[in-house]
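One letter stands for each residue in the lines below.
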Amino acid sequence: MKPLHHVLLAVTLIAGAPSEAAVLDDMKDATPWKATASDQVKASIRRDAKDDSLCLDYDFSGVSGYAVLRRELPLAWPADFALTTQIKGSSQTNDVQIKFVDASGDNVWWINRPAMPLPETLTEHSFKRRHIVFAWGPTTDRALTRSQFIEFVVVAGQQGGGGAGALCVGALNLEPREPAPTTWPEPKRKLGGGELTLDFQRLREFNGLWFARGAATRVEVSDDNRRWKLLSSRPGRALFLGEQEWRWMRLRFDGRKPPDVELRDAAQWPDRNAAVAEVAKSLPRGELPRAFLGEQNYWTVVGVDGGAQRSGLVSEDGAIELTRGGPSVEPAIRLADGKLVTWAQVRTEHSLVEHALPVVQWRHADVELRIEAGADGPAQDPQLLARYTLRNPTSKPQRVSLLLALRPWQVNPPQQFLSTPGGISPLPTLAWADGQLTAAGLHIRPREAPAEVRAAAWRAGPGLVALSQAPPLAQLTDAEGLPSALMRFDVDLAPGQSRTLGWVSGRGAVEAGALDTRLAVAAAQWRDRLGVLELRLPPQAQPVVDTMRSALAQMLVSRDGAALRPGTRSYARSWIRDGAMMVAGLVRMGEARAAQEFVDWFGGYIFDSGKVPCCVDQRGADPVVENDSHGQYLFAVAELWRHTQDRALLARHWPKVQRVMAWMEALRQSERKPGADARFKGLMPPSISHEGYSDKPAYSYWDDFWALRGYKDAVQIAQALGHTADAVRWAVSRDEFEADLGASIAATASHFKLDHIAGAADRGDFDATSTTMALNPAQAEGRLPPELLRGTFDRYVKEADARISGAKAWKDYTPYELRNVSALVRLGRVDDAHRLLAWFFTHQRPAGWRQWAEVVLPDARKVQFLGDMPHAWISSDYLRAALDLLAYERESTGSVVLGAGLSPAWRAAGDIGVTGLSTAWGRLDYRLLRRADGGWTLHIDRAPERLPGGLRLAWPGDGKLPRANAETKGLAWQGRELPLPAGATTVQLEPTP
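Here goes a summary of the coordinates provided.

Reading the values: the criteria
- Residues numbered from 1 in each chain as written.
- Predicted model: local features only at pLDDT ≥ 70, side-chain atom pairs only at ≥ 80, totals over all residues.
- Heavy atoms only, no water.
- Axes fitted to C-alpha atoms, helices over the stretch in contact; angles between N-to-C directions.
- Helix = DSSP H or I, 4+ residues; strand = E, 2+ residues; numbered from the N terminus.
- Parallel < 35°, antiparallel > 145°, perpendicular 65-115°, else oblique.
- Contact = heavy atoms within 4.5 Å.
- Nonpolar A, V, L, I, M, F, W, Y, C, P; charged D, E, K, R; others polar.
- Pairing = 2+ DSSP bridges.
- Phe/Tyr/Trp six-rings, centres within 6.5 Å; stacked < 30°, edge-to-face > 60°.
- Buried < 20%, exposed > 50% of the residue type's maximum accessible area, 1.4 Å probe, protein only.
- Lys NZ or Arg CZ within 6 Å of the ring centre and 35° of its normal.

Focus on the packing of helix α4 (residues 515–530) against helix α5 (residues 542–557)
It is at 10 Å that the axes of α4 and α5 come closest, and there the two elements cross at 110°. One way to sum up the angle between α4 and α5 is to call them roughly perpendicular. Contacts between α4 and α5 pair Trp526, Arg529 and Leu530 from the former with Arg549, Leu552, Ala553, Leu556 and Val557 from the latter. Taken together, the residues of the contact of α4 with α5 sort by class into six nonpolar, no polar and two charged.

In structure tokens:
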């Protein structure tokens, strides 16, 4: 039974908002509160003897996760309010969240404070309505009006979080407040003696000051016009302050006229990025990055294999970010007449050296600049290499200056908010000594001595003109943490002459003398690493080959040690779903070592229960329920074994495989209760593994296709190790699950009257990209109703063609859709596959870097969160789809299908060769050579040595099939596939009249 005062309080708040502050909970009674926690995390409640606060004690026990203090507390929220509570604790690195959950339990609003430092004594914290934002849920009305439950949550922080500790909470109060007016009245002004006082007539919230004209020498504020607080001495044009609330402001100034000052509130300046953006718009275009001008910028990663945490970024405009979350170096050129050439005055081109090292080329009538970046050294502490080549394209000698500005912001733009928030990268101190520039623990050593090095604090202005007039740099400390430094290099160039300069950056000792050699070695190493699979395709197919090699490099650079990651900035964690699909691409390209390192590393984080975490980061295993994870882990182990035949790998993972199978089987049985709806019977329980279902867990077929793959692979693992009893038992479960899955798909289609396979059994939605998993890796097409499978991809192609032609407007899409290229190839729809692939290629941005962002928009300059660039999971999607064009495995017949994606145009254009392609049954080498007489010769230079069912040559298209013979023996086509005789090494294909 709830204490009476809590019940009355809830009724009072629901009946009408109180006119004065109300105590929601004085925290004197622990009875309504319950402590819960995620997998392997311990949580309990206690009363603090010192201050009578209520404490949530937690111990993360070496895993990621959360601990929750929760109670039921019905609230009707006023139009505006201040929610205050007293908090203390022992953590400085964990995230603290206050959540408000509605009566359904599905919709959640929260206050989220990552890495919130907790005071040692109870300290009051106040939160306004704007601080409470919608977190997740299916509701379309995201305004917080009512809630039923409140939670105080501690989440293992991403930067050294976890451990054991406590979160203690004192009284929780709610104070209704008068909403801010739509238009604020003009403040009362008092001017005299070099001082301007502004009275806003009531408390006024603001985040910063913009000096539209003039400057102040001192800014003070007060809430009683007697006691004054200093906010800034000699602020610059844009002064970001963070949240402030005052009634009076006093400005001191030099000169006869006071400055024109404008307040910027939380909506206008939610952070310092917004303040920088306002400054950028006041400067000549090109002096600050386009990211601060309301334009989307694109970038790519530069680094070493496994060095994601210390990788750099290169922007499309030539800026280089020195390390994850760190500052950047921006180029500009000053001509002899003083004119500046920046990214805004040039035509820019992009390319890659050896498919891996980014190049930005500036074209201008008076000067050209080539910017190259690379990296070398150990993954834990790599060094960044940069080279700039100036060229005089004119017929006259020139003296130009290369300007390299060290900036307190990232290439990663401000709208990027996950894991590594983009934009500002504070630099409290800059120093120049002994031929190197030092900032944020980084050393930048130019190979050539600059003519001068200058630096300016933020208040002096970040424009290039202001930097050129700044004092020489020895050491500079900026209270606002936003200084810039400028290195100037003067170069004399004869007509057509080029000159190179460069620098090396790192955390330890850096030397730049061997820069050219180091870049050449880095390029050679990538050439060797990416060339294990040799491919020869017609000229029009060369972008397909080049992007395959770049995709492999992107996966390797994006991994953090053994951990395969989808990116280096937004996604600084490793998902088993991403990793399993990357493993599938890596092993086919001959990268078994990287695949094995990941599988062994991730296997160490499986929970004691056998639950496979959805992801792992430096905090440990994440407990969020995502029911695709179990099948993905089993697939990753089995797929690696299939390509390597490493029995020791299976033996190492066997105890984990047994635990995972027990966990997955328990999940399956939980949905096989008597009388269960046929749509849900025997499926994996609802989860949010599919990104489209993050609002509410769903019976996602994505989970089930992966579970089926997991059942198949567990049986194969058991058989390989000789565990016959386990193999037989799991085979029964596999077959039962496969039958239930097929029945569910049919029942769902009938229930929702669908002509396609649904994305989720309880939603009846359409998601062909998710359904591709049924074809690969699940290889379950034999269990799918043919008319529904056909209807799925008929609809997908129709909708995709509408986007391509412009008949259907589209907002955005994610290139995960590249999986559909593979599905269409496997379904014999090669023309559709190539038409889609060509369209996807138009969205590589920039095109010369052969990469995709996670999110693609039709307007390339519209600002939006893009995920990572490159997005390594998408790189793996592309790689697997492109490889399927050349050859893929068909599990049902134990065969490898050759050439299913070789379009008629490719076959007609020239020779095709594949050397070193790894398959589940061994290595494959083949050539399809175009003869002068119009026929072809197929050479099987090496057939997979463990192939149980033979090779089959596909002949896509609708043209006549050629006559086929091997050693003068005629061969018969089966549909548009040609089964090849065992041991055949040469097949002649004669054109049919």
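After that view, the rundown keeps rolling.
Some points on the pairing of strand β29 (residues 429–433)
When β29 meets strand β33 (residues 475–477), the two strands line up antiparallel, connected through three bridges. Its bridge partner lying in β33, Ala431 is registered against Gln475. Here four bridges tie β29 to strand β30 (residues 436–439), and the two strands are oriented antiparallel to one another. Residue pairing in the sheet places Trp432 in a bridge with Leu437 of β30. Between β29 and the antiparallel strand that follows it, β30, lie two residues; Asp434 among them carries a positive phi value of about 55°.

What about the sheet that holds strand β5 (residues 66–76)?
An order of β2-β5-β11-β7-β8-β10 is seen for the six strands of this open sheet, with the pairing classed as antiparallel. Edge positions in the open sheet fall to β2 (34–37) and β10 (133–136), since each of these has one partner strand only. Neighbour-to-neighbour, the strand axes of this sheet turn through a mean angle of 35°, independent of strand direction. The pairing of strand β7 (residues 95–101) with strand β8 (residues 108–113) spans six bridges and is classified as antiparallel. Paired with Ile98 across the bridge in β8 is Ile111.

Examining the packing of aromatic side chains
Within this structure, the stated rule accounts for 30 aromatic pairs. Aromatic side chains Trp77 and Phe81 sit 4.9 Å apart centroid to centroid with 45° between the ring planes, which places their arrangement in the tilted category. With respect to burial, Trp77 and Phe81 carry one shared label: buried. Their ring planes at 15° and their centres at 4.3 Å tell us that Phe680 and Tyr699 sit as a pair that is stacked. Remark: Tyr699 occurs in the loop between α9 (647–670) and α10 (701–721) and Phe680 occurs in the loop between α9 and α10; sequence separation between them is 19 residues. Comparing Phe680 with Tyr699 shows no difference in burial state: the two are buried. An aromatic cluster is present here, built from Phe598, Trp601, Phe602 and Tyr605 joined pairwise through their rings. The aromatic ring of Phe766 is capped on one face by Arg795, whose charged end is 4.0 Å from the ring centroid.

What to know about unusual backbone geometry
Among all residues save glycine, negative phi is the norm, and among peptide bonds the norm is trans. Residue Pro846 is bonded to the preceding Arg845 through a cis peptide linkage, with omega at -15°. Here Pro846 is to be found in the loop between α15 (830–841) and α16 (872–886). In this structure, Pro870 follows Met869 across a cis peptide bond, with omega equal to -10°. Along the chain, the position of Pro870 falls in the loop between α15 and α16. A positive phi is found at Ala440, a non-glycine position, where the angle reads about 50°. The topology assignment puts Ala440 in the loop between β30 and β31 (442–446).

Section: the environment of Ile912
Structurally, Ile912 can be placed in strand β42 (residues 912–919). By relative accessible area, Ile912 is classed as buried at 0%. If we ignore the near neighbours within four places in the chain, the residues touching Ile912 are Arg536, Leu537, Pro538, Leu902, Trp906, Arg907, Tyr926, Arg927, Leu928 and Leu929.

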